[in-house]
Amino acid sequence: MSGKVWLVGAGPGDPEMLTIKGLRALERADVVVHDRLIGTGVLRYAPPDAEFIDVGKWSDWHPVPQEEIQNILIDRARAGKRVVRLKGGDPFLFGRGGEEMEALMNSGVPCELVPGVTSAIAVPACAGISVTHRGLASSLHIVTAHRRDGESPVDYGALARLEGTLVFLMGVAELPEICGGLIAGGMSLNTPAAVIERGMTARQRRVTAPLGELAERAGSEKVEAPAVIVVGKVVALADRLDWRAALPLHNWRVVVTRSDATVQGRGRLTEILRSRGAEVLEVPCTRTETIDAPLPSLSGYAWLVFTSPTGVKSFFERLAADQRDVREIGNAKIAAVGPSTKSAMEAHGLRVNLVPPVYSGESLGETLLSDIRSSGVSPSGSRLLLLRAERGAPGLTRVLKEGGAEYDEVPLYRTAPIARDSDLIEALTEALRDTDAAAFACASSVRSFAAAWPNVRVRAACIGEQTERAACEAGYKTRTAKKATLEDLADAVAETANIETKTI
Ligand code: SAH
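Residues numbered from 1 in each chain as written. Predicted model: local features only at pLDDT ≥ 70, side-chain atom pairs only at ≥ 80, totals over all residues. Heavy atoms only, no water.

Draft legend 1. Seen up close, the domain arrangement of the chain. On domain assignment, one finds that the chain holds domain 1 (4–117), domain 2 (121–242), domain 3 (253–286 + 419–498) and domain 4 (291–417). Between the C-alpha centres of domain 1 and domain 4 there is a distance of 45 Å. (Domains from an automatic or database assignment.)

What follows is the structure in structure tokens.
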């Protein structure tokens, strides 16, 4: 049985620029063969146990020869694997995607091309440059300034005569030649021009100058590849259209931890940070293992207590696995530690009776005790069932014990550390070194992050006191959210800017 190769455009660096079709292919990949992408974020969509092969290609630097890349694709597919060849931007635009496709077609291996968002358009767009604009430019010309031996040189005279916007890729090293060539070809020294370095990442920089000064300005500001060069009247609008620069976390690269379990509420913190302009690097720290033992009898409890969306998910999975019915819980009330757990529960049609004011185990315990007491029952006469992770945080049970409450505990799942030896971890470690802050929504995520990356120090934004304590123990400098909500946590990220030393 033959596998298949998908040639997928990864987009220009922001993992969310991957197409839905590309995502589908990547999620089911056995092998991912990738270039030196600007963001490792996109690799996170692949199964963590996939084989990742970095062929390290960027511009004219090819550590793995083209032919060998093609052989890797063909051999893996012939071995029955689903292979995703992930290329920056669009695979067919200056990416030698055409050559790879030709080799695949010749080999007879099934293959599919998934076009991508190209840096030639998206990078200017995210720096305030609309490549065409009514009245300013009605055509777009995408040029590579980089010519290999034997290829005919760029005809700058012809380019200078075009009315439209010129976009040059792979041109940083040739910037003086490009500008000089266009000017010699008759283009005005005052033509608006810009170079955008590392577009769509937190490290994006845009240098804007008239064509006559661009090369010098880019040189003195040490602009490096990868960068897109734009020449044309549309550049004059750049400041007015630069919507990205107005976002509060623009230019921030923030680490967010996550388990590999797909749980409800997953990615909400990432979403909030991205909506504020941050580049988010999601790093896996733990994976969730369900505990398969049957659930004990659920009847006769006054309260069922849930402390995570994962707990809710495992609870219902195990009920279903045993062919049992949730009505077993009778009139028991339901407590949830916070809003995500609450909405996970309510998605199953069960109302949650209690959420503590502070989303912590301690606060949950205290709120439960006071609710029980206020209903005129003594805590020891009210049976509670805690449905949570194996070795859950001790705060909840400590408070309940001190209050004299009687409880049973059922471990539903356990969290195990992520496999350390994957290539993905290696790629992430490198990316982690260039980060501005990490946002931690619970103490256990701090601990698992610190365990997974012992050599990385971060400026930590923490959701609450316990998280802060864990972060201090890990040696991180911290800022803590005013209230224990993800929005306030995102505010705390911005406040880490006030921590003097950059500790990563
Ligand atoms: N197929 C890719 C282009 C490959 S050539 C695409 O469609 O985008 C590589 C060049 O693309 C780089 O030298 C640079 O000019 C440009 N490039 C790609 N991603 C970029 C980014 N995030 N920021 C700036 N330039 C980028």
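Draft legend 2. Main features of the packing of aromatic side chains. For the coordinates displayed, the defined rule picks out 6 aromatic pairs. Look at Phe 449 and Trp 453: their rings are 5.6 Å apart centre to centre, the planes differ by 35°, and that puts the pair in the tilted class. For Phe 449, a relative accessible area of 0% puts it in the buried group. Here the aromatic rings of Phe 449 and Tyr 476 are separated by 6.3 Å at their centres, their planes lie at 70°, and the arrangement is edge-to-face. Here Phe 449 is found in helix 15 (residues 443–452), whereas its partner Tyr 476 is found in the loop between helix 16 (465–473) and strand 19 (477–480), with 27 residues between them in sequence. Residues Phe 449 and Tyr 476 agree in their burial class; the two are buried. (Phe/Tyr/Trp six-rings, centres within 6.5 Å; stacked < 30°, edge-to-face > 60°. Buried < 20%, exposed > 50% of the residue type's maximum accessible area, 1.4 Å probe, protein only. Helix = DSSP H or I, 4+ residues; strand = E, 2+ residues; numbered from the N terminus.)

Draft legend 3. How the structure looks around helix 3 (residues 97–107). Three or more residues of helix 3 are buried, namely Gly 97, Glu 100, Met 101, Ala 103 and Leu 104. Taken down its axis, helix 3 places every buried residue within 160° of arc, on the same side. Across from the buried face of helix 3, at angles greater than 90 degrees, the exposed residues are Glu 102, Met 105 and Asn 106. Considering only its buried residues, helix 3 is in contact with strand 1 (4–9), helix 2 (66–78), strand 4 (82–87) and strand 5 (111–114). In the segment just after helix 3, Gly 108 is the residue with positive phi, at about 85°. (Arc of directions from axis to C-beta. Contact = heavy atoms within 4.5 Å.)

Draft legend 4. The arrangement of the sheet that holds strand 1 in detail. Taken together, 5 strands build an open sheet; the order of strands is 3-2-4-1-5 and the sheet is parallel. Edge positions in the open sheet fall to strand 3 (51–54) and strand 5, since each of these has one partner strand only. Between one strand and the next, the sheet's axes are offset by a mean angle of 15°, whatever the strand orientation. (Pairing = 2+ DSSP bridges. Axes fitted to C-alpha atoms, helices over the stretch in contact; angles between N-to-C directions.)

Draft legend 5. Inspection of the side chain of Arg 318 at higher detail. As for its placement among the helices and strands, Arg 318 is situated in helix 10 (residues 309–321). Of the side chains with opposite charge, Asp 322 lies nearest to the buried Arg 318, which makes no salt bridge, at 5.6 Å. Here Pro 411 takes part through its backbone oxygen, which lies 3.4 Å from a polar atom of the side chain of Arg 318. The contacts of Arg 318, once residues within four sequence positions are left out, are Ile 291, Ala 293, Pro 294, Leu 295, Val 410, Pro 411 and Leu 412. (Lys, Arg positive; Asp, Glu negative; His and termini not counted. Salt bridge = Lys/Arg side-chain N within 4 Å of Asp/Glu carboxyl O. Polar contact = N/O pair within 3.5 Å; in protein donor to acceptor, adjacent residues only side chain to side chain.)

Draft legend 6. Structural context of the sheet that holds strand 8 (residues 192–197). Across the sheet, 5 strands lie side by side as 6-7-10-8-9; this open sheet has mixed pairing. Looking at which strands have only one partner, the edges of the open sheet turn out to be strand 6 (140–144) and strand 9 (205–210). On average, each strand axis in the sheet is tilted by 20° relative to the strand beside it, whichever way the strands run. Of the strand pairs in this sheet, strand 8 and strand 10 (residues 227–231) are connected by 5 bridges, and their pairing is antiparallel. Looking at strand 10, one finds that Ala 193 is bridged to Val 231.

Draft legend 7. Up close: helix 13 (residues 394–402). Where helix 13 is concerned, the buried positions are Gly 395, Leu 396, Thr 397, Val 399 and Leu 400. Where helix 13 is buried, its residues contact strand 13 (303–306), helix 12 (361–374), strand 15 (383–389) and strand 16 (406–417). Of the residues one or two after helix 13, Gly 404 is the one with positive phi, at around 80°.

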